[in-house]
There are 2 protein chains.
Amino acid sequence: MYAKSATGALRSARRFSTISASSGLKINSERLWNTLHQTCEYGAAHRYGESPTETGMARLTLNDEDARVRRWFAKEVEKLGCSLSIDQMGNMFAKQSGRLGSPAPMIAMGSHLDTQPRGGRYDGILGVMAALEVLRTMKENNFQTNYDVGVVNWTNEEGARFPKSMCSSGVWAGAIPIQKAWDLRDIHDSSVTLRSELERHGYLGEIACSSDAATGYSLGAHFELHIEQGPILPENNRSIGVVRGAQGYRWLTMTVHGKDAHTGTTPFSARQDPLLASSRMIAASHDIAKKHDALASTGIIKVPSNASTNTVSSQVTFTLDIRHPQDHVVHAVQDECLKAFETIASQDGKGVSFDWTLDTDSPAVKFDDDCVASIQAAADQLVGREQSMLMTSGAGHDTVYTSQHCPSAMIFVPCRDGVSHHPTEYCSPQDCALGTQALLEAVVHYDQSRANKENK
Amino acid sequence: MYAKSATGALRSARRFSTISASSGLKINSERLWNTLHQTCEYGAAHRYGESPTETGMARLTLNDEDARVRRWFAKEVEKLGCSLSIDQMGNMFAKQSGRLGSPAPMIAMGSHLDTQPRGGRYDGILGVMAALEVLRTMKENNFQTNYDVGVVNWTNEEGARFPKSMCSSGVWAGAIPIQKAWDLRDIHDSSVTLRSELERHGYLGEIACSSDAATGYSLGAHFELHIEQGPILPENNRSIGVVRGAQGYRWLTMTVHGKDAHTGTTPFSARQDPLLASSRMIAASHDIAKKHDALASTGIIKVPSNASTNTVSSQVTFTLDIRHPQDHVVHAVQDECLKAFETIASQDGKGVSFDWTLDTDSPAVKFDDDCVASIQAAADQLVGREQSMLMTSGAGHDTVYTSQHCPSAMIFVPCRDGVSHHPTEYCSPQDCALGTQALLEAVVHYDQSRANKENK
């Protein structure tokens, strides 16, 4: 049984050393752990404990630290004999040749090296470091896959510095126009664009950012190991999540219009109070989502900069993030919220008005059955069916975009208390290693299945 | 009957020209109107219409425009033969000698010339311009009061640039230490203090800012004409508010602590969502206040600067402004809110915690009976009892502080739709004139009563 106690860790270690991996390979968990934390020196921030690794990260897309880890990554994959390609969004594709010499696009293991401004050491980073460890393990064992395999470092997954998440896998997938992505401005310095930073660091590659084999970089499959970023695995005592899709979500920005008025002199009956209305709306959206077993969350609320304690605000904006594995539920929650908001808008005083914009519409995604089967096979073999679980990803990931153009799926490992996007985000050495071994086994399984299929 | 229609305005004008004022004096309403709007050229901002006067104001305390209007004001009162004193907070006291040559402190008409950043042309400004018009009317009619009379321009009433409202009347009253007031920093430029701006403009006077006659500037009485800043006068079709006190209020800042978490991956049951809790608290405070016929308002709500659409916030702060004419009701609402907040804090997910600070505690104030009687006499004579009403001020005013050290009361006139602290704030020429005439009559009445009393 998966447990995070010291005894549990010991059990994990014991269990780990006795797995019978179908690949015959065994990743080096110490090397993985050390490499991950060494590279976290590029961008370490927000210390929260005394151990050297007890810091978070602030490695924002294409800042100097991100450029450093990219140069380090390039050197490491070149040491392994990989060919490295960089596209016009700075996505880095490292390829190790397969033994068949097939021209088929590589089986990729991808994730991202950028972090949130107050992020942790595992979100994205683990996925790239695990992929590197898989290549290293194969290399030192003279193990060659049938087809080309490789690693992708996707640029600006977080969208924290340049506000568009899963940005460059989105461009690669044709979902985001490259000009729009290039023009994204640093949220703190509008004179800096994503493109100007690509140029500054020498990461504006020449090949198109596209899944089109003729002009861009096409992929044969995409596997991503990621921390769960939620409490479901630990709460269910599972150690591997076999991720078969991603829930749909819609992001709305609500703007509630009222009228500024003096809080001391304006009776409730004469008010148009957008903050009171927004408060009722936020509470209502929660209750509606709960009823549908969906999620509705408000992360940002803003009053005008001249707001004061004794003035009813003239306007309030807030975000609404609605999620559910089924698109029709997402839509039902949205519809019900908007209906409730109309009632609320007329409820107090002289009433308020509101309008809204749809900022993101990300329909639910179903990952590739073969990729999911390869991951399930790896999980079965490593921890057994009762220690893994089929899951739907709550968050967006680069794999959501890759899945539009190549067979894709994801592996989740538990992170402590489900915490991510926070300096204290933590994934144990055992879980990092287990996830990495699962990634290796899934890729080898998929490579073998693909060879078997094509040789039929 | 007071009405704001065109016919109503005509009726007001007719009524106004036929008042039999006990002073025998009649203010010049055109001069008042023109002077007020001429001086609003210092700091005019936020145009909302085509007429020259259809702008708001941005004359923040001790900015260059405020310094200009102060210099203009000094010149005007000197032209009238007033002696001008400036204290260490830049409060300006202009005194016209009474005919008795009494050493008793002057009967003051005071208000403020500073505005909100998006303020209007009447809040405070009308009170000072009306006082000036009263002095001008007396001067041109060779009318002398028994005792000294004069005008006060109180510094930083709004507390918008240097965040402490009724700041310098508060220092004068001994309620705010002068060092604390001097050290207030410009909310946009922390290198600038209130004291450094007093020095820059030459308004750091030499006399103490105090009601103590020996070192400061004591006052014999304080009358303030002000726009109501609320809808009660217009909704009751009254033209003069006889203000006998100010409601009590307490300003709290609530800080709700949760835990940041990914909105896509964290089930409601695992969340500690401070924005959801704050929303429920704001709604609850409104409902509790309503039940008590009190006011509870939230003007400011803040999430951390790194808030994002897909992250449950770690912390939320919001303000709570509770008001009622009776202190025990203010306290009851506060107690009930805090109790409700505790229930709310444990309501959703894993619960949140909160703490709070009391930022301002302004007990209810009862103005001086004699001053109120003088204003009521003026109102009776100008518009009759059925057109005036006894009121409690909803907002804080400099008079709240002066009332601690000298007999004080206020006159309210209606402003359009009760709107203030907004560019479109408006008080009609008729209402400005009526209020000014009432101010003159109240001062003359008070001066006469004082003479009668002292000669008994």
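This structure is a prediction, so every number in the text was calculated from the model and none was measured. (Residues numbered from 1 in each chain as written. Chains lettered and ligands numbered in written order. Predicted model: local features only at pLDDT ≥ 70, side-chain atom pairs only at ≥ 80, totals over all residues. Heavy atoms only, no water.)

Caption draft 1: Seen up close, the UniProt feature "domain: Peptidase M20 dimerisation" (unreviewed entry) in chain A. Under the UniProt annotation, the feature "domain: Peptidase M20 dimerisation" (unreviewed entry) is placed at residues 245–347 of chain A. Across residues 245–347 of chain A, helical content stands at 36% and strand content at 30%; the span's end C-alpha atoms are separated by 40 Å. (UniProt positions renumbered as here; feature names shortened; annotations may be inferred. Helix = DSSP H or I, 4+ residues; strand = E, 2+ residues; numbered from the N terminus.)

Caption draft 2: Looking closely at the relation of the copies chain B and chain A. Of the transformation placing chain B onto chain A, the axial shift is 0.1 Å and the rotation is 180°, giving an RMSD of 0.1 Å. The symmetry that links the two subunits is that of a two-fold axis. Within chain B, Ser279(B) has its C-alpha nearest the rotation axis, a separation of 2.1 Å. The residues that chain B uses at the interface reappear at the interface of chain A in 98% of cases, marking a shared surface. (Least-squares fit on C-alpha atoms with pLDDT ≥ 70 in both. Contact = heavy atoms within 4.5 Å.)

Caption draft 3: Main features of the interface of chain B and chain A. Taken together, the contact between chain B and chain A spans 57 residues of the former and 56 residues of the latter. Around 5,000 Å² of area is buried between chain B and chain A when both sides are counted, 61% of it from carbon and sulfur atoms. Summed over the three residues of chain B that lose the most area to chain A, namely Thr265(B), Phe268(B) and Thr309(B), the buried surface amounts to 14% of that side. At the boundary of chain B with chain A, the tally comes to 2 salt bridges. Note that Asp287(B) and Arg280(A) form a salt bridge whose closest N and O atoms lie 2.9 Å from each other. Across the chain B-chain A interface, the total number found is 11 residue pairs in polar contact (both at pLDDT 80 or more). At the level of secondary structure, the elements contributing two or more residues to the side of chain B that touches chain A comprise α8 (232–235), α9 (274–291), β11 (295–297) and β14 (315–324) of chain B. (Buried area = accessible area lost by both parts, 1.4 Å probe. Salt bridge = Lys/Arg side-chain N within 4 Å of Asp/Glu carboxyl O. Polar contact = N/O pair within 3.5 Å; in protein donor to acceptor, adjacent residues only side chain to side chain.)

Caption draft 4: Structural detail: the pairing of strand β6 (residues 149–153) of chain A. Residues and elements named next belong to chain A. The buried fraction of β6 is high, at 5 of 5 residues. Of the two faces of β6, the one lined by Val149, Val151 and Asn153 and the one lined by Gly150 and Val152 are each fully buried. As defined by bridge partners, strand β4 (residues 92–96) adjoins β6 across 5 bridges and the pair is classed as antiparallel. For Lys95, the partnering residue across the bridge sits in β6 and is Gly150. Note: strand β5 (residues 107–111) against β6, 5 bridges, orientation parallel. Note that in β6 the partner of Ala108 across the bridge is Gly150. Considered for its hand, the β-α-β crossover made up of β5, helix α4 (residues 125–140) and β6 is right-handed. (Buried < 20%, exposed > 50% of the residue type's maximum accessible area, 1.4 Å probe, protein only. Pairing = 2+ DSSP bridges. Right-handed = clockwise from strand over helix to strand, strands pointing away.)

Caption draft 5: Focus on helix α3 (residues 64–79) of chain B. All names here are of chain B. A rise of 1.5 Å per residue sets the reference length of α3, with its 16 residues, at 22 Å; its end C-alpha atoms lie 23 Å apart and thus fit the reference within 8%. Residues of α3 that are buried: Asp66, Ala67, Val69, Arg70, Trp72, Phe73, Ala74, Glu76 and Val77. Where the residues of α3 are buried, they touch α2 (29–39), β3 (83–86), β4 (92–96), α4 (125–140), β6 (149–153) and α7 (194–201). Of the residues flanking the start of α3, the one acting as N-cap is Asn63, its side-chain oxygen 3.1 Å from the backbone nitrogen of Glu65. Looking at the residues trailing α3, positive phi occurs at Gly81, about 85°. (Expected span 1.5 Å × (residues − 1).)

Caption draft 6: Spatial organisation of unusual backbone geometry. Residue and element names in this part refer to chain A. Positive phi is not limited to glycine here, since Leu62 has a value of about 65°. Summarising the element assignment, Leu62 is placed in the loop between β2 (56–57) and α3 (64–79). In this structure, Asn156 is a non-glycine residue whose phi angle is positive, near 55°.

Caption draft 7: Spatial organisation of empty space enclosed by the protein. Counted by the stated rule, this structure contains 7 cavities of 30 Å³ or more. What the largest cavity holds in volume is close to 140 Å³. Contributing to the lining of the largest cavity are 13 residues, with Asp260(A), Asn306(A), Ala307(A), Thr311(A) and His421(B) lying nearest its centre. Its residues assigned to classes, the lining of the largest cavity shows 4 nonpolar, 7 polar and 2 charged. Of the pockets and cavities examined, the second largest cavity occupies roughly 100 Å³. Contributing to the lining of the second largest cavity are 14 residues, with Arg271(B), Asp273(B), Leu276(B), Asp348(B) and Gly349(B) lying nearest its centre. The set of elements that each furnish at least two residues to the lining of the second largest cavity consists of α9 and α10 (327–345) of chain B. Partitioned by chemical class, the residues of the lining of the second largest cavity number 6 nonpolar, 5 polar and 3 charged. (1 Å grid on protein atoms, 1.4 Å probe; cavity = no way out; pocket = protein on both sides within 12 Å on 5 of 7 lines; lining within 4 Å. Points joined across faces, edges and corners; volume = space filled by probe spheres on them. Nonpolar A, V, L, I, M, F, W, Y, C, P; charged D, E, K, R; others polar.)

Caption draft 8: How the structure looks around the packing of aromatic side chains. Across all of its chains, the model carries 20 aromatic pairs over all chains by this definition. Joined through ring pairs, the aromatic side chains of Phe93(A), Trp154(A), Trp172(A) and Tyr217(A) make up one cluster. In this arrangement the basic side chain of Arg195(B) is found over the ring face of Trp182(B), its NZ or CZ atom lying 4.4 Å from the centre. Across from the ring centre of Tyr147(B), 4.3 Å away, lies the NZ or CZ of Arg450(B), which sits over that ring. (Phe/Tyr/Trp six-rings, centres within 6.5 Å; stacked < 30°, edge-to-face > 60°. Lys NZ or Arg CZ within 6 Å of the ring centre and 35° of its normal.)

Caption draft 9: A look at the pattern of salt bridges. Residue and element names in this part refer to chain A. Within the structure shown, the criterion is met by 40 salt bridges over all chains. Its salt-bridge partner being Asp348, residue Arg280 comes within 2.8 Å of it at the nearest N-O pair. Here the residue Arg280 occupies a position in helix α9 (residues 274–291), and Asp348 occupies one in the loop between α10 (327–345) and β15 (353–362), the gap between them amounting to 68 residues. Measuring nitrogen to oxygen at the nearest pair gives 2.3 Å for the salt bridge that ties Glu336 to Lys291. Here Lys291 lies in helix α9 and Glu336 lies in helix α10, a separation of 45 residues in the sequence. A network of salt bridges, in which partner residues are shared, links Asp64, Arg161, Asp186, Glu197 and Arg200.

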